[in-house]
Amino acid sequence: MNFACIPRESLPDILCRMPKAELHIHIEGSLEPELIFALATRNNIPLPYPTVDDLRAAYAFTDLQSFLDIYYAGAGVLQTEDDFFAMAWAYLKRAKAENVRHAEIFFDPQTHTERGIPFATVINGLDRAVRRGREELGVSASLILCFLRHLSEEAAFATLEEALPFRDRFIGVGLDSSERGNPPEKFARVFARCRELGLRLVAHAGEEGPAGYIHHALDLLKAERIDHGVRCLEDPQLVARLAEQRIPLTVCPLSNVKLCVFPDLAGHTIGRLLAAGIAATINSDDPAYFGGYLNENYLATFAALPELGAHEAYRLARNSFQASFVDESVKAGWIRELDEFFAQQCI
Ligand code: ADE
Ligand code: ZN
């Protein structure tokens, strides 16, 4: 493929129009302030902010925990199956508009079951949106259940038990929430059980936590993909391992800047990850909180990093399909579409 014929001015348009997958999106992180207010009104839930703008103004985070505190509070307005449907449907419509062909969507059941919302309410609402997205929008999507790592492994086992009657509605499990002080080994047994059950395995690691957590997520949890993973660059042997074993990283640039993992996008290391041969992807993490959905992440990152050009755009989109958990034949179809899209750019 000849990428040299593509001028830099065309990049924004190409980034938006190219087919792509999103592999790191917390559905609760797609809950826009307007929807928080609408659901709070519908469900008679008082909010500590008088207006949508006041709520948005509170989104000034200094680290992961300061974000999580607001994010869990926002999720408190979700009460009914229709609320979960509305949240996921809004995301899927946005994904369609951004040329996302496939999304692997995280959800945090413990955030809701701890508030007395039945697991069935959560998964039935999300699953209804996923099915409708496939039928009406032509967007493929699947769900990944995340265990909250600030809670105990026992609580994760209990959540797994609650989830098993709905086993056909999610494809895998992940690990999210406060990373520091909650290392992967805390969840080794529950991940081993999930592996026996044939679930796909991912884990947040190396976002705020040290590079060693990435090794442990691979060795002790048998994670197939690492969410974030940007701190791998502190350990050259780990970089070599990720590249050799083709372990994908789901990187979230705007999130990293909002949570002060990097001071700004110009200092982001996604270009270095790609140059090191790592299968990095771009994702939005919690788009309603971090200032942009998937295309905004691509646009802002490419605008800030001159080393990223058309070839990197292609590689990132290709990696996103390659790193997904769909059948190889389906991946091949999307990659063919991507190849045709880029071939068209030089005609
Ligand atoms: N839950 C939602 N977003 C998260 C993030 N960036 N890291 C850990 N847990 C999360
Ligand atoms: Zn995340």
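Conventions adopted
- Residues numbered from 1 in each chain as written.
- Chains lettered and ligands numbered in written order.
- Predicted model: local features only at pLDDT ≥ 70, side-chain atom pairs only at ≥ 80, totals over all residues.
- Heavy atoms only, no water.
- Near = heavy atom within 4 Å.
- Polar contact = N/O pair within 3.5 Å; in protein donor to acceptor, adjacent residues only side chain to side chain.
- Areas by Shrake-Rupley, 256 points an atom, 1.4 Å probe, with all protein chains shown as cover.
- Helix = DSSP H or I, 4+ residues; strand = E, 2+ residues; numbered from the N terminus.
- Phe/Tyr/Trp six-rings, centres within 6.5 Å; stacked < 30°, edge-to-face > 60°.
- Buried < 20%, exposed > 50% of the residue type's maximum accessible area, 1.4 Å probe, protein only.
- Lys NZ or Arg CZ within 6 Å of the ring centre and 35° of its normal.
- Disulfide = S-S within 2.5 Å.
- UniProt positions renumbered as here; feature names shortened; annotations may be inferred.
- Contact = heavy atoms within 4.5 Å.
- Donors = N, O, S within 2.8 Å, 3.2 Å for Na, K, Ca; no water.
- Tetrahedral: all angles 85-135°; square planar, octahedral: opposite > 155°, others 65-115°.
- Pairing = 2+ DSSP bridges.
- Expected span 1.5 Å × (residues − 1).
- Axes fitted to C-alpha atoms, helices over the stretch in contact; angles between N-to-C directions.
- Parallel < 35°, antiparallel > 145°, perpendicular 65-115°, else oblique.
- Left-handed = near helix turned anticlockwise from the far one by under 90°.
- Nonpolar A, V, L, I, M, F, W, Y, C, P; charged D, E, K, R; others polar.

Asker: Outline the site of ligand 1, supporting the account with residue identities and numerical values.
Answerer: In the region of ligand 1, the neighbouring residues are H26, L64, F67, L68, Y71, D176, S177, H204, E207, H228, D285 and D286. Between ligand 1 and E207 there is a distance of 2.8 Å, counted from a nitrogen atom to a side-chain nitrogen or oxygen. The fraction of the free accessible surface of ligand 1 (260 Å²) that becomes covered by protein chains is 100%. Broken down by element, the residue count for the shell around ligand 1 peaks at 4 residues, all from helix α4 (residues 64-75).

Asker: So what's going on with the packing of aromatic side chains? Residues and values would help.
Answerer: To describe a pair of aromatic rings, one takes the distance between the centres and the angle between the planes. Applying the stated criterion across every chain yields a total of 19 aromatic pairs. For the ring pair Y59 and Y289, a centre distance of 4.6 Å and an interplane angle of 40 degrees mean the geometry is tilted. With a gap of 230 residues between them, Y59 in the loop between α3 (52-57) and α4 and Y289 in helix α14 (residues 287-290) connect regions that are remote in the sequence. As far as burial versus exposure is concerned, Y59 and Y289 are alike and both buried. Between F67 and Y71 the ring centres are 5.0 Å apart and the planes differ by 35 degrees, which places this aromatic pair in the tilted class. With a gap of 4 residues between them, F67 and Y71 both fall in helix α4, about one helical turn apart. With respect to class, F67 is no different from Y71; both count as buried. Through a chain of ring-to-ring contacts, three or more aromatic side chains come together here, namely Y59, F61, F67, Y71, Y72, Y289 and F290. In this structure, R132 is placed above the aromatic ring of W89, and the distance from its NZ or CZ to the ring centre is 4.4 Å. Over the face of the ring belonging to F325 we find R225, whose NZ or CZ atom lies 4.2 Å from the ring centre.

Asker: Could you give me a rundown of the state of the cysteines, with the residues and numbers involved?
Answerer: Evaluation of the coordinates by the stated rule reveals 1 disulfide. This cysteine, C232, is not joined by any disulfide, and C252 carries the nearest cysteine sulfur, 14 Å off. You can call C232 buried: its relative accessible area is 0%.

Asker: Can you tell me about the UniProt feature "site: Important for catalytic activity" (unreviewed entry) in the chain, naming the residues and giving the values?
Answerer: In the UniProt entry, the feature "site: Important for catalytic activity" (unreviewed entry) is given for H228. As for its position among the elements, H228 is in strand β6 (residues 225-228). Judged by relative accessible area, which is 0%, H228 ranks as buried. Sequence-distant contacts of H228, defined by excluding residues within four places in its chain, comprise H24, H204, A205, G206, E207, L249, T250, V251, C252, S255, N256 and D285. In this structure the side chain of H228 is engaged in a polar contact, spanning 3.2 Å, whose partner is the side chain of E207.

Asker: Describe in detail the coordination of the zinc ion (ligand 2), supporting the description with residues and values.
Answerer: With distances of 2.0 to 2.2 Å, the protein atoms coordinating the zinc ion (ligand 2) are H24 (NE2), H26 (NE2), H204 (NE2) and D285 (OD). With 4 donor atoms in place around the zinc ion (ligand 2) and angles of 82 to 173 degrees between them, the coordination shape is irregular. We note that the donor set of the zinc ion (ligand 2) lies within a single chain, spaced as H-x1-H-x177-H-x80-D. Highlighted residues: H26 in strand β1 (residues 20-26) and H204 in strand β5 (residues 200-205), separated in sequence by 178 residues. For the pair formed by H26 and H204, the shared burial category is buried.

Asker: Which residues make up the pairing of strand β2 (residues 100-107), and what values do they have?
Answerer: Most of β2 sits inside the fold, with 7 of its 8 residues counted as buried. Sheet analysis places β1 next to β2, joined by 5 bridges and oriented parallel. Across the sheet, residue A21 finds its bridge partner in β2, namely H102.

Asker: Break down unusual backbone geometry for me, citing the residues and quoting the values.
Answerer: Both trends apply: most residues other than glycine have a negative phi, and most peptide bonds are in trans. The phi torsion at N44 lies on the positive side, around 55 degrees, for a residue other than glycine. By the secondary structure assignment, N44 is in the loop between α2 (33-42) and α3. Given a relative accessible area of 69%, N44 falls into the exposed group. A positive phi is found at N99, a non-glycine position, where the angle reads about 65 degrees.

Asker: Quick one: what's the story with helix α7 (residues 119-137), residue by residue and with numbers?
Answerer: With 19 residues, α7 extends 26 Å from end C-alpha to end C-alpha; this agrees with the ideal 27 Å at 1.5 Å per step. Within the span of α7, buried status applies to F119, T121, V122, I123, G125, L126, D127, A129, V130, G133 and L137. Close packing links the buried residues of α7 with α5 (81-97), β2, α6 (109-113), β3 (140-148) and α8 (153-163).

Asker: So what's going on with the packing of α2 against α5? Residues and values would help.
Answerer: Contact pair α2 / α5: the axes reach a minimum separation of 12 Å and the direction vectors enclose 170 degrees. Classified by the angle their axes make, α2 and α5 are roughly antiparallel. Remark: the crossing between α2 and α5 carries right-handed chirality. Contact residues: L35, L39 and R42 in α2; D82, D83, A86 and M87 in α5. Of the residues that constitute the contact of α2 with α5, the class distribution is 4 nonpolar, no polar and 3 charged.

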